[in-house]
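Examination of the molecular architecture
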Amino acid sequence: MTQTIGFLGTGRMASAMIIRSLKQGYAVQVWNRSTAKTEPLVTLGAKACATPADAARNADMVISFMADDSGAQAVWLGVDGALSAMKPETLAIECSTLSHGFVLELSAKITATGCAYIDAPVTGVPADIQAGNTVFLIGADNAVLDRARPFMNAVGKQIVHFGPIGSGTVYKLMHNLLGAVHIAAAAELVAVAQKAGLDGDLVAETFAKGANASMSGKITVPGMVSGNHHEGIHFTTGLRAKDASYAIQLATDMGMSLPVGRAASDVFTKATSDGFGDLAQSAVIETLKTN
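In this report, the structure presented in the accompanying data block is examined. (Residues numbered from 1 in each chain as written. Predicted model: local features only at pLDDT ≥ 70, side-chain atom pairs only at ≥ 80, totals over all residues. Heavy atoms only, no water.)

**Considerations on helix H4 (residues 69–77)**
The test is simple: Exposure classes here rest on a 1.4 Å probe applied to the protein chains alone. A residue is buried below 20% of its type maximum, exposed above 50%, and partly exposed in between. Each helix corresponds to a stretch of at least 4 residues labelled H or I by DSSP, and each strand to a stretch of at least 2 residues labelled E; elements are numbered beginning at the N terminus. An arc is given here, and it is the one of the directions from the helix axis to the C-beta atoms.
Within H4 the residues assigned to the buried category are Asp69, Gly71, Ala72, Val75 and Trp76. With its buried residues spanning 160° around the axis, H4 presents them on a single face.

This is the structure we're talking about:
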């Protein structure tokens, strides 16, 4: 019997996973605040829904891809939220990158209704997700995860089970904070090189071949050199700032200080406040140039 999946959100990552799910033969019910973004998915076979509750109704599992805690709060627990329509034992799979504290609060509310919760942030750019190369970073009970494995194996390439609910988010937040550090440091390299008159294309080429080149840097340095932060956006400056701030809050809650991570977080926070939040992460260099 074909399983039905309710998707909450149709951003870049969610749309890629929806397309992958449809190709793997799943029935998909999808909700998004902007209905225009669901139209290409409906053309591929998804069913558009008017509310998160409608997307969750009669679904075997409900998957959320929201930008932040407030978005997740609204789609799961708000008026016409998904939880209001979910039958007992439905799998709630939260793929958003949320704060650790909120994940624990949300999971408690969902499991209290008899549904099952999986903390499942993902890694990869949209092209990876659509190609079936998703890596799921899991926090869940073993028995609950076993119920989701067939789907995750069908749409992704790896399941990394870190432990109980919340542990997937711990890794994802620190992973994304490390990305912020790499990108901010690479932006400093490019900014200084450009001010010194070095050829930008040669800087990018040499960086990509060097021992310090990370994937985050390789993706963003070309945009830093060209100044084009509007095209081919995989992840925005604002989302990186949000993830970094959640990571710093996690460390603070644990009584830890992360001076390097905090410095990178501050750089992205300033870039966002300077008006670059909706642009590609490479736009962080513009803030550094004005300091």
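Read on, since the account is not over.
**Quick notes on the side chain of asparagine 32**
Convention followed: Pairs of N or O atoms within 3.5 Å make up the polar contacts considered here, provided that, within protein, one atom can donate a hydrogen while the other can accept it, and that residues adjacent in sequence are counted only when both atoms are side-chain atoms. Here a residue-residue contact requires only that any non-hydrogen atoms of the pair lie within 4.5 Å.
You can see asparagine 32 is positioned in the loop between strand S2 (27–31) and helix H2 (39–43). Taking relative accessible area as the criterion, asparagine 32 reaches 12% and is therefore assigned buried. At 3.0 Å, the side chain of asparagine 32 and the backbone nitrogen of threonine 10 are in polar contact. A polar atom in the side chain of asparagine 32 sits 2.9 Å from the backbone oxygen of serine 34. The residues touching asparagine 32, leaving out its near neighbours within four places in the chain, are Gly9, Thr10, Lys37 and Thr38.

**Some remarks on the packing of aromatic side chains**
Applicable threshold: Between the rings of Phe, Tyr and Trp (Trp by its six-membered ring), a pair exists once the centres lie within 6.5 Å; its type follows the angle of the planes, with under 30 degrees stacked, over 60 edge-to-face, and the other angles tilted.
For the structure on display, the rule yields 2 aromatic pairs. With centroids separated by 5.2 Å and ring planes inclined at 80°, the aromatic side chains of tyrosine 26 and phenylalanine 151 adopt a geometry described as edge-to-face. In this pair, tyrosine 26 sits in the loop between helix H1 (12–23) and S2 while phenylalanine 151 sits in helix H7 (residues 142–155), placing the two residues 125 residues apart along the sequence. The pair formed by tyrosine 26 and phenylalanine 151 is uniform in burial state, with each residue classed as buried. For the ring pair phenylalanine 162 and tyrosine 171, a centre distance of 4.8 Å and an interplane angle of 15° mean the geometry is stacked. On the basis of relative accessibility, which here comes to 38%, the residue phenylalanine 162 falls in the partly exposed class. The partly exposed category is assigned to tyrosine 171, whose relative accessible area is 37%.

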